[in-house]
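One letter stands for each residue in the lines below.
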Amino acid sequence: MIIIKRIGVLTSGGDAPGMNAAIRAVVRAGLHFGMEVVGIREGYKGLIEKNIMEMKYRSVSDIMAKGGTILKTARCTEFATPEGVLKAKKSADELGIEGLVVIGGDGSFRGARDLSNAGIPTIGIPGTIDNDIACSDYTIGFDTAMNTALECIDKLKDTCASHNRCSVVEVMGRHAGHIALNVGIASGAEAIVVHERDFNLQTDIVEKINKAIANGKKHFVVIVSELFCDSGKLAAQIEATTGVETRATILGHIQRGGSPTLRDRLMASVMGEKAVELLKDNIGNRVIAYKNGVTVDYDITEALNMKKDLKEEYFSVFKVITY
Ligand code: F6P
């Protein structure tokens, strides 16, 4: 069996809290198994440009609590082309990189598959705040992002309560409503608007707010998933139809920053170590996933073809306890 002696690690796509813990786990596990480890800066772009740093045991000290990624990240359009993949393979060969760990989202995994096919065994680790990687119940960064959003919504509720207002809060997730659904329930919102479910202004928001008013409530929160609609326009519509003064807040990139929660550090540490175990056995073209409470791995193509929906159970619970 071929023994992999030198591996690389990179972060790709949008950053997510916990990526540093994953980098640390990859470096420490690699060194533990007798490999050399290099950190590749700025994702696949850095691989093409051979922008690397040799990683030693102390290179990853004191990074667990830091948000962002010490390796920096990028979305690399060149790497999405066959020529880009060939360039990256050539650079990897010149750098002596025989295996690679990529921490990122679906787009990053497509690159990991292409590199594996080109001859560099590559393992993907799900790292995105959106939790939109179908093969895994959990993605690194999700918990921290939700907690950040929740903290902001709690603050918005203070000012809404003082003014008897409604707050429309737009949370991140690209086209996935995982953050919206979870923080909607956890913040006690009146309505949750996501891409994955049908939406009707009258029944999903106006009637709910009117019912809450009838129950004596004077301030309201509506959570909207990013890219669903113009949050400012939605706020104006709510104000026009309910008579409740309404403001819109887009939480934006603040959800991507901050010190990772225990959950993100733990998941990242376990996934990072598992990724190196696969490379140690010369296995590539896999994604590490968390499924039904267990850490598993899938073929990348298989993983990319999977589908994941929001939890129906959460919608049912929300319906019963919100009025
Ligand atoms: O995928 C993470 C994410 O933060 C999404 O929630 C959001 O749609 C997107 O990245 C924003 O990307 P950018 O950092 O390029 O603005």
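Residues numbered from 1 in each chain as written. Predicted model: local features only at pLDDT ≥ 70, side-chain atom pairs only at ≥ 80, totals over all residues. Heavy atoms only, no water.

A. Broad picture of the pattern of salt bridges. Under the criterion given, the structure shown has 20 salt bridges. In this structure, E78 and K87 form a salt bridge, with 2.5 Å as the shortest nitrogen-oxygen distance. Assessed through its relative accessible area of 42%, K87 is described here as partly exposed. Salt bridges sharing common partners tie together R6, E36 and E54. (Salt bridge = Lys/Arg side-chain N within 4 Å of Asp/Glu carboxyl O. Buried < 20%, exposed > 50% of the residue type's maximum accessible area, 1.4 Å probe, protein only.)

B. Focus on the domain arrangement of the protein chain. According to the domain assignment, the protein chain contains domain 1 (6-141 + 260-304) and domain 2 (145-256). Domain 1 and domain 2 are separated by 35 Å when their C-alpha centres are compared. In this complex, domain 1 contributes ten residues to the contact, which on the side of domain 2 involves ten residues. Buried surface at the junction of domain 1 and domain 2, both sides included, amounts to about 860 Å², of which 48% is carbon and sulfur. If you sort the residues of domain 1 by the area they bury against domain 2, D15, I129 and D130 come out on top, with a joint share of 51%. Linking domain 1 to domain 2 there are one salt bridge. (Domains from an automatic or database assignment. Contact = heavy atoms within 4.5 Å. Buried area = accessible area lost by both parts, 1.4 Å probe.)

C. Representation of the site of the ligand within the structure. Close to the ligand lie R75, T128, I129, D130, M172, G173, R174, E226, H253 and R256, which account for all nearby residues. At 3.3 Å from an oxygen atom of the ligand is found a side-chain nitrogen or oxygen belonging to R174. At 2.8 Å from an oxygen atom of the ligand is found a side-chain nitrogen or oxygen belonging to E226. Across the shell around the ligand, the residue classes tally to two nonpolar, three polar and five charged. Shared between two domains, the shell around the ligand takes at least three residues from each, and those domains are domain 1 (6-141 + 260-304) and domain 2 (145-256). (Near = heavy atom within 4 Å. Polar contact = N/O pair within 3.5 Å; in protein donor to acceptor, adjacent residues only side chain to side chain. Nonpolar A, V, L, I, M, F, W, Y, C, P; charged D, E, K, R; others polar.)

D. Spatial organisation of the packing of aromatic side chains. Within the structure shown, the criterion is met by three aromatic pairs. Where Y44 meets F79, the ring centres are 3.8 Å apart and the plane angle is 5°; that geometry is what we call stacked. Here Y44 is found in helix α2 (residues 43-48), whereas its partner F79 is found in the loop between β3 (52-55) and α3 (82-95), with 35 residues between them in sequence. The residues Y44 and F79 share a single accessibility class, namely buried. The aromatic ring of Y57 is capped on one face by R28, whose charged end is 3.8 Å from the ring centroid. (Phe/Tyr/Trp six-rings, centres within 6.5 Å; stacked < 30°, edge-to-face > 60°. Helix = DSSP H or I, 4+ residues; strand = E, 2+ residues; numbered from the N terminus. Lys NZ or Arg CZ within 6 Å of the ring centre and 35° of its normal.)

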